[in-house]
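Each chain, letter by letter, is given below.
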Amino acid sequence: MKMKSSTDDDHDEENGKLEKSRERSSRNGRVVKVHNQALLSGLAYCLSSCGMILVNKFVLSSYDFNAGISLMVYQNFISVTIVSALSLLGLVSTEPLTWKLIKVWLPVNVIFVGMLITSMFSLKYINVAMVTVLKNVTNVITAVGEMYLFKKQHEGRVWAALFLMIISAITGGITDLAFNATGYVWQTLNCFLTASYSLTLRRVMDTAKQYTKSGNLNVFSMVLLNNTLSLPLGIFLIVVFNEVDYLLRTPLLRLPSFWLVMTFSGVLGLAISFTSMWFLHQTGATTYSLVGSLNKIPLSVAGIFLFNVPTSLENSASILFGLLAGVLFARAKIRERSQS
């Protein structure tokens, strides 16, 4: 009896050890899986966001395509086609586009279209690194808008980082060897429109949710809504800016390689929406904002080398200064968010 009891105890102990070992292995497996998902989603987000800007620059500058609005319309058409196909196949869920929802969303969409078009025009005239640094001004406008519209107070560190961004933008413009006044005007407009889109979106989203069946508005519905509404407005602007005449004359539209690059840019535009949400879900707002700022550094370097941008030590220093100011801003916002 004693021997049997002892043997049973040994078996119980061994079974317990095996169970603990399995639990530990399972837990370690989950941790590895989570880390892999975070790494994969972060890599996908960085590649899609960098790729989108570089491909757009390639289309507008290297191909010398002078129809930025048409490029925007085609990219948005690709996004609508893909999301609609995924929705029909039941792979994603989207909200039906009702007239009430369209009327609520239309003001935001007008700003959205203006933001995309000015981005295209500025990218044609300014190099990628300078566009990246000048986009930091958007953060300044957004912070001021938050203070006046939402009565939101920012820490001293945030304002210090924003001040450094302004200094880097000014010194970058002064030392830019390929300075183009037209490009800088378009980029300034883009900063104001991007900040306006961010500030307006916060208010409109809450109202828009009231006119959806589910009471929510996911990223797929937003992509479909924004891009669908942008098509008629974009076609109208193509006529107003007389891009039709250029499209009829340009030999680029007879090149299969050009259509391939344009289609790829549309896919990348859609990929940014999906990968950003995926990355945000796997990590969080803190990591997302910091990686977004750090992502600008390789993008700027790639832009300079890929497009043979003439630069000087002073201009390179201004660009680096601006990129580091962006990282400081992200860190300051993270600290501010954690305290609030």
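Conventions used here
Residues numbered from 1 in each chain as written. Predicted model: local features only at pLDDT ≥ 70, side-chain atom pairs only at ≥ 80, totals over all residues. Heavy atoms only, no water. UniProt positions renumbered as here; feature names shortened; annotations may be inferred. Helix = DSSP H or I, 4+ residues; strand = E, 2+ residues; numbered from the N terminus. Buried < 20%, exposed > 50% of the residue type's maximum accessible area, 1.4 Å probe, protein only. Contact = heavy atoms within 4.5 Å. Expected span 1.5 Å × (residues − 1). Core = buried A, V, L, I, M, F, W, Y, C linked by side-chain atoms within 4.5 Å. Phe/Tyr/Trp six-rings, centres within 6.5 Å; stacked < 30°, edge-to-face > 60°. Polar contact = N/O pair within 3.5 Å; in protein donor to acceptor, adjacent residues only side chain to side chain. pLDDT = per-residue confidence, 0-100. Axes fitted to C-alpha atoms, helices over the stretch in contact; angles between N-to-C directions. Parallel < 35°, antiparallel > 145°, perpendicular 65-115°, else oblique. Left-handed = near helix turned anticlockwise from the far one by under 90°. Nonpolar A, V, L, I, M, F, W, Y, C, P; charged D, E, K, R; others polar. Patch = residues over 30% accessible without salt bridge, like charges linked within 9 Å, V, L, I, M, F, W, Y side chains within 5 Å. Areas by Shrake-Rupley, 256 points an atom, 1.4 Å probe, with all protein chains shown as cover. Salt bridge = Lys/Arg side-chain N within 4 Å of Asp/Glu carboxyl O.

Under the annotation held in an unreviewed UniProt entry, the chain carries the name GDP-mannose transporter GONST1 isoform X1 and is attributed to Cicer arietinum. According to the UniProt record, the Subcellular location (unreviewed entry) comment for the chain is "Membrane".

### Comments concerning the overall build of the chain
When its secondary structure is counted, the chain shows 13 helices and 0 strands. Walking the chain from its N terminus toward its C terminus, one meets helices and strands in the order α-α-α-α-α-α-α-α-α-α-α-α-α. Residue burial in the chain is summarised as follows: out of 340 residues, 43% are buried. Nonlocal contacts in the chain, meaning residues at least 24 apart in sequence, comprise 87% of its contacts between residues at least 6 apart.

### Points about helix 2 (residues 68-88)
For helix 2, which comprises 21 residues, the first-to-last C-alpha distance of 30 Å matches the rise-based estimate of 30 Å (1.5 Å per residue) to within 8%. One or two residues past the end of helix 2 sits Gly90, with phi positive at roughly 80°.

### Some remarks on the environment of Leu39
Mapped onto the fold, Leu39 is located in helix 1 (residues 2-62). Put simply, Leu39 and Gln282 are 243 residues apart on the chain and 8.9 Å apart in space, counted from C-alpha to C-alpha.

### A few points about the nonpolar core
If you look at the biggest cluster of nonpolar residues, it comprises 67 residues, and the most contacted ones within it are Phe65, Ile69 and Trp105. Looking at which element gives the most residues to this core, the answer is helix 3 (residues 99-125), with 13 residues. Look past the residues within four positions of Trp105 in its chain and what remains in contact with it is Leu201, Val204, Met205, Ala208, Leu217, Met222, Leu225, Asn226 and Leu229.

### Let's talk about the packing of aromatic side chains
In the structure shown here, the tally under the stated rule is 10 aromatic pairs. Their ring planes at 75° and their centres at 5.2 Å tell us that Phe58 and Tyr63 sit as a pair that is edge-to-face. Ring geometry for Tyr74 and Trp259: centres 5.4 Å apart, planes at 75°, overall edge-to-face. Of the two residues, Tyr74 sits in helix 2 while Trp259 sits in helix 10 (residues 256-282), which places them 185 residues apart along the sequence. Through successive ring pairs, a cluster of aromatic residues spans Phe58, Tyr63, Phe65, Tyr246 and Phe258.

### Thoughts on helix 7 (residues 181-209)
Counted at 1.5 Å a residue, the expected span for helix 7 with its 29 residues is 42 Å, and the 41 Å between its end C-alpha atoms agrees. Restricting attention to buried positions, one finds in helix 7 the residues Gly183, Tyr184, Gln187, Asn190, Cys191, Ala195, Tyr197, Leu199, Leu201, Val204, Met205 and Ala208. Where helix 7 begins, the capping side chain belongs to Asn180, and its oxygen is found 3.0 Å from the backbone nitrogen of Thr182.

### Side note on the confidence of the model for the chain
For any part of a model where pLDDT is low, the fine detail of the predicted coordinates should not be relied upon. The predicted model of the chain averages 81 in pLDDT, with 85% of residues at 70 or higher. Every residue in residues 1-14 is under pLDDT 50, and counting partners more than four places away or in other chains gives 0 contacts. In the predicted structure, residues 21-34 sits below a pLDDT of 50 and forms 1 contact with residues beyond four places in sequence or in another chain.

### Things to note about the packing of helix 5 (residues 137-149) against helix 7
Here helix 5 crosses helix 7 at 40°, and the two axes come no closer than 8 Å. In terms of orientation, helix 5 lies oblique with respect to helix 7. The element helix 5 and its partner helix 7 pack so that their crossing is right-handed. The residues of helix 7 that touch helix 5, namely those facing Val137, Thr138, Ile141, Thr142, Gly145, Glu146 and Leu149, are Cys191, Phe192, Thr194, Ala195, Ser198, Leu199, Arg202 and Arg203. Counted by class, the contact of helix 5 with helix 7 contains 7 nonpolar, 5 polar and 3 charged residues.

### Focus on unusual backbone geometry
Not every positive phi belongs to a glycine, and Asp64 is a case in point at roughly 55°. Within the secondary structure, Asp64 sits in the loop between helix 1 and helix 2. If you check the backbone angles, Asn242 has positive phi at about 55° while not being a glycine. Following the sequence through the fold, Asn242 ends up in the loop between helix 8 (219-240) and helix 9 (243-249).

### Here we look at a nonpolar patch on the surface
Taken together, the side chains of Ile235, Val239, Val244 and Leu248 define a hydrophobic patch exposed on the protein surface, amounting to about 390 Å² of accessible area. Contributing elements (two or more residues each) for the nonpolar patch: helix 8 and helix 9. In this fold, Val244 is placed in helix 9.

### Notes on the side chain of Glu243
With respect to the helices and strands, the residue Glu243 is situated in helix 9. Among the polar contacts made by the side chain of Glu243, one reaches the main-chain amide nitrogen of Gly68 at a distance of 3.4 Å. Apart from residues no more than four positions distant in its own chain, Glu243 is found in contact with Asn66, Ala67, Gly68, Ile69, Ser70 and Ile238.

### Here we look at the packing of helix 2 against helix 8
For the pair helix 2 and helix 8, the least separation of the axes is 8 Å and the interaxial angle reads 145°. As for the relative orientation of helix 2 and helix 8, their crossing is left-handed in sense. On the side of helix 2, the interface is formed by Ile69, Ser70, Met72, Val73, Asn76, Phe77, Ser79, Val80, Val83 and Ser84, while helix 8 contributes Phe220, Val223, Leu224, Asn227, Thr228, Ser230, Leu231, Gly234, Ile235, Leu237 and Ile238. Residues belonging to the contact of helix 2 with helix 8 are distributed by class as follows: 13 nonpolar, 8 polar and no charged.

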